[in-house]
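In case you want the letters, here they are:
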Amino acid sequence: MSIDLSQFHQTFFEESLEGLETMETGLLNLSPGEVETEAVNTLFRVAHSIKGGSAMFGFSAITSLTHVMETLLDHVRAGRAGIDRLLVDALLAAVDCLTETVLAMKDGGGHDDRHIAASEAQLQSLLPAHSRIEVFRAPVREPTDEPEGKGVAIGATWRIGFRPFPHLFKTGNDPLRLLRALAGVGKLAVSADISRLPAFGDLDPESCYLGWDLTLDSDVGRETIGEVFEWVDGDCDLVITPSSGGPIPLPESMLPVPEADHHEPVLYDPHPSGHAHGEPSRTGSERRQPVSPGAEASSIRVSIQKIDALINLVGELVITQSMLSQCGQDLSSQGADNSIGGRLRDGLAQLARNTRELQESVLGIRMVPISFSFNRFPRLVRDLGHKLRKNVELRVSGENTELDKTVMEKIGDPLVHLIRNALDHGIETPEERRAAGKPDTGVLHLNAYHSGGRILIEIADDGAGIDSRKILARARARGLIAEGDSPSEDRIHDLIFQPGFSTAAEVTDISGRGVGLDVVRRNIKDLGGVVEVRSRAGQGSTFLIKLPLTLAILDGQLIRVGEHVYVIPLVSIIESLQVRKDRVSSLAGTAELYQLRNEY
Amino acid sequence: MATILTVDDSASIRQMVSFTLRGAGYEVLEAVDGEDALNKARVGPVNLVLTDLYMPKMDGITLIRELRKLPTYRFVPMLTLTTESSPERKAEGKAVGATGWLVKPFHPDRLLATIEKALG
């Protein structure tokens, strides 16, 4: 039977990527010095699992790297290696390398062997010297049809003394199956040894009392016979001898074997009428219905195009439904209020309700938890913290808040930017923090929640805050604020979103090039959102992003000016009010002014 | 035809094992870890259990130990999936009542030969 293993490759890639993500999260949560057995066990298991799969499907590059990971993690598990930053860094690098490799393979491309080798070498250097692994090879075993030629003459007769221990059945093994297997490789003569059989009253039906002396005429080697008995090694006394006749030499434990108890050798019957022990036989009618194998699947993957097609269709449906409603109203106003008109109105009202629900459900398909975006930040914060030599603790909340997939994809970059900023400019070095009377470790809090049909994302740090004086000075120097003007604190802080506005003393490779916050604000504006900042010197800054839940459908207000009808998106409407005639004043007969809250 | 319960946390290995066994005419139940397997084994008769060793929630060794406590599973063949580098795993399996083992990585033909050997 030939099976194409490549049909399982995609599943393997998917589960490996999932596993690697689990490993990354697990590694980021490991604290140096601490030994969290369960966390290490999980890491070990995932590495082991990916290794097993890659070996099965022949991806030897992945096998060799995961093997070293597994070995290293086994040392950690056994307490022979400690968890330190070096180890976590090396393992994270290996996870990155594997992710890259799996992604490349998934797309049908090649992988970078040197990268894998480098990552492997990095891990090897952390292993205790004696347990370094030279080369790992795990070939898929192909069954061979070649006769075994190892040291045994072809056409030999084997004599086998087989005395199972009483507990043999309890391992799920059955001597009958072993005899059948032997009968399958040659001509087998069987003689039962019933000398150990107790009196009927003492007989335990779950124990094995029988022994066998077997004579096998076959051209197979000792290895094949040994393989038949491989699983019962340790559960029986076994003697295998090539023989031309004569008694089988048995070890002392099998003796004595009284001649009288030996039955006449019989040729093995492969279809015996009864079982040697009391395992109940099953008939077809007792067989259970198979459980659906897909029962554990609670979600399916659907291409985004299919969903978008559905959303477009529902959009059209909503328009059709609006048209019909309008027709219904026109009909009523024309006095067609007979029974048909009434039924039509009821039907249209129901259609309107169902359409609205359908629209909400379909849009719900596009909604994904924001954790998809948040999940990459622990790594980002960790790596940046290292680079900047700052201790930062990332706290995440509201990660299950849902928003439109498109919005989420586009908000990723602005969020990264704000987090980089918070680490670079916001949170201080441990020394500075200590001097300011704060704990060494800064806290960056990422929070998401729904409010008023919008999603709000907060990025709050407990760092130095925005230095208003510095900003004001710079704004004055650039002519953004007039000399005599003294703007409010909020207005000053808002200046950091101006193009080319950076107060960073030096340009680092993380942030401070002056291209930045203005781009963040523009990107968020493109999504129909806004970004604000609140800051207090010495206590930290909070960036607040407000976004629409979805971009797929926009509710709007219809406005008629003269003969033209316009739609204004609801998100763009700040306030709407009813005009009172007595508040309108004419200005020299050409212009009109409206008085609102005592202002014109 | 016999019903085989295959237990592995790896979906690709599960798929491969099921596909191979179903192709040979066996009925196959899949479980994602030891706990899942124990529940499925309790529901209906299974003629053979093939389990991975390292799994979340409940590992293969614990699964075999628990299954052997059930009256209907005292004599059912149970095989472990193990890697070549771990002879001690084979012994550990045997100690809790495993019937035998299948060494990873394996070819589908080898899987079938092993199942036939265990079912006789």
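(A) Representation of the overall build of chain B within the structure. Scanning chain B for helices and strands turns up five helices and five strands. Secondary structure of chain B in N-to-C order comes out as β-α-β-α-β-α-β-α-β-α. For chain B, with 120 residues in total, the buried portion stands at 65%. When contacts within chain B are restricted to residue pairs at least 6 apart in sequence, long-range pairs at least 24 apart make up 60% of them. As displayed, chain B has an accessible area near 4,000 Å², and 53% of this comes from carbon and sulfur atoms.

(B) Highlighting the overall build of chain A. Secondary structure assignment for chain A yields 16 helices and 16 strands. Considering chain A as a whole, with its 600 residues, one finds that 38% of them fall into the buried category. For chain A, the proportion of contacts with a sequence separation of at least 24, taken over those separated by at least 6, is 70%. With an accessible surface of roughly 34,300 Å², chain A has 52% of that area assigned to carbon and sulfur atoms.

(C) How the structure looks around helix 9 (residues 339–365) of chain A. If you check helix 9 of chain A, its first and last C-alpha atoms are 39 Å apart, about what 27 residues at 1.5 Å a residue would give, namely 39 Å. Summarising the contacts, the buried residues of helix 9 of chain A are in contact with helix 8 (304–333) and strand 6 (367–369) of chain A.

(D) Main features of the environment of A:Ile455. All names here are of chain A. Mapping Ile 455 onto the fold places it in strand 10 (residues 454–461). In this structure Ile 455 comes out as buried when scored by relative accessible area, which is 0%. For the pair Ile 455 and Ile 545, spaced 90 residues apart in sequence, the C-alpha to C-alpha distance is 8.1 Å. Sequence-distant contacts of Ile 455, that is, excluding residues within four places in its chain, are made with Ile 370, Thr 401, Glu 402, Leu 403, Tyr 449, His 450, Ile 545, Lys 546, Leu 547, Pro 548 and Leu 549.

(E) Spatial organisation of the pairing of strand 13 (residues 556–561) of chain A. All names here are of chain A. Sheet topology note: the strand 13/strand 14 (residues 564–569) ladder contains six bridges and is antiparallel. Bridge pairing in strand 14 places Gly 556 opposite Pro 569. The loop that links strand 13 with its antiparallel partner strand 14 comprises two residues; one of these, Gly 562, has a positive phi angle of about 65°.

(F) Representation of the interface of chain B and chain A. Listed per partner, the contact involves 55 residues of chain B and 48 residues of chain A. Seen at the junction of chain B and chain A, the total is three salt bridges. At the junction of chain B with chain A, the criterion picks out 13 residue pairs in polar contact (both at pLDDT 80 or more). Considering every element that reaches the side of chain B that touches chain A, the biggest residue donor is helix 1 (residues 11–23) of chain B, with 10 residues.

(G) Layout of the packing of helix 1 (residues 9–29) of chain A against helix 2 (residues 37–57) of chain A. All names here are of chain A. Between helix 1 and helix 2, the least distance of the axes is 10 Å, while the angle of their chain directions is 160°. Taken together, the axes of helix 1 and helix 2 lie roughly antiparallel to each other. Of the two possible hands of crossing, helix 1 and helix 2 adopt the one that is left-handed. Contacts between helix 1 and helix 2 involve His 9, Phe 12, Ser 16, Gly 19, Leu 20, Thr 22, Met 23, Gly 26 and Leu 27 on the former and, on the latter, Thr 42, Leu 43, Val 46, Ala 47, Ile 50, Gly 53, Ser 54 and Phe 57. For the contact of helix 1 with helix 2, the residue count by class is nine nonpolar, eight polar and no charged.

(H) Inspection of the pattern of salt bridges at higher detail. Residues and elements named next belong to chain A. What the rule picks out here adds up to 28 salt bridges over all chains. For Asp 213, the salt bridge goes to Arg 163, with nearest N and O atoms at 3.1 Å. Here Asp 213 is found in strand 3 (residues 211–218), whereas its partner Arg 163 is found in strand 1 (residues 156–164), with 50 residues between them in sequence. Notably, a salt bridge pairs Glu 532 with Lys 546, separated by 3.8 Å at the nearest N-O pair. In this pair, Glu 532 sits in strand 11 (residues 530–536) while Lys 546 sits in strand 12 (residues 540–548), placing the two residues 14 residues apart along the sequence. On the accessibility criterion, Glu 532 (33% relative accessible area) is partly exposed. Owing to a relative accessible area of 25%, Lys 546 belongs among the partly exposed residues under this scheme.

(I) Examining the packing of aromatic side chains more closely. One pass over the full model with this rule turns up 11 aromatic pairs over all chains. Note on A:Phe8 and B:Phe19: the rings are 5.7 Å apart at their centroids and 75° apart in plane angle, and the pair reads as edge-to-face. Of this pair, A:Phe8 sits in the segment before helix 1 while B:Phe19 is found in helix 1, placing the two residues in two different chains. What makes A:Phe8 buried here is its relative accessible area of 3%. Linked through ring pairs, A:Phe8, A:Phe12, A:Phe13, A:Phe57, A:Phe59 and B:Phe19 together constitute an aromatic cluster. Here the guanidinium or amino end of B:Lys117 rests over the ring plane of A:Trp231, the centre of that ring lying 4.4 Å away.

(J) The sheet that holds strand 4 (residues 78–83) of chain B, seen in detail. Residues and elements named next belong to chain B. Reading across from one edge, 2-1-3-4-5 is the order of the five strands in this open sheet, with parallel pairing throughout. Of all strands in the sheet, those bounded by a partner on one side alone are strand 2 (27–31) and strand 5 (100–104). On average, each strand axis in the sheet is tilted by 20° relative to the strand beside it, whichever way the strands run. The pairing of strand 1 (residues 3–7) with strand 3 (residues 48–52) spans four bridges and is parallel. Pairing of Val 7 across the sheet is with Thr 51, part of strand 3. The strands touched by helix 3 (residues 60–69) are strand 1, strand 3 and strand 4; relative to strand 3, the strand with the most contacts, the crossing angle is about 155°.

(K) Examining the sheet that holds strand 9 (residues 442–451) of chain A more closely. Residue and element names in this part refer to chain A. Strands sit in the order 7-9-10-12-11 across an open sheet of five strands; the sheet is mixed. Lying at the two open borders of the sheet, with one neighbouring strand each, are strand 7 (392–397) and strand 11. Between one strand axis and the next, the sheet turns through 15° on average, direction left out of account. Judged from the six bridges that link them, strand 7 and strand 9 form a sheet pairing that is parallel. Across the sheet, the residue bridging to Val 392 is Gly 442, located in strand 9.

(L) View of the pairing of strand 1 of chain A. Residues and elements named next belong to chain A. Strand 1 sits mainly inside the fold: eight of its nine residues count as buried. Here strand 1 pairs with strand 4 (residues 236–242) via seven bridges, running antiparallel. Bridge pairing links Gly 161 to Val 239 in strand 4.

What counts and what doesn't
- Residues numbered from 1 in each chain as written.
- Chains lettered and ligands numbered in written order.
- Predicted model: local features only at pLDDT ≥ 70, side-chain atom pairs only at ≥ 80, totals over all residues.
- Heavy atoms only, no water.
- Helix = DSSP H or I, 4+ residues; strand = E, 2+ residues; numbered from the N terminus.
- Buried < 20%, exposed > 50% of the residue type's maximum accessible area, 1.4 Å probe, protein only.
- Contact = heavy atoms within 4.5 Å.
- Areas by Shrake-Rupley, 256 points an atom, 1.4 Å probe, with all protein chains shown as cover.
- Expected span 1.5 Å × (residues − 1).
- Pairing = 2+ DSSP bridges.
- Salt bridge = Lys/Arg side-chain N within 4 Å of Asp/Glu carboxyl O.
- Polar contact = N/O pair within 3.5 Å; in protein donor to acceptor, adjacent residues only side chain to side chain.
- Axes fitted to C-alpha atoms, helices over the stretch in contact; angles between N-to-C directions.
- Parallel < 35°, antiparallel > 145°, perpendicular 65-115°, else oblique.
- Left-handed = near helix turned anticlockwise from the far one by under 90°.
- Nonpolar A, V, L, I, M, F, W, Y, C, P; charged D, E, K, R; others polar.
- Phe/Tyr/Trp six-rings, centres within 6.5 Å; stacked < 30°, edge-to-face > 60°.
- Lys NZ or Arg CZ within 6 Å of the ring centre and 35° of its normal.

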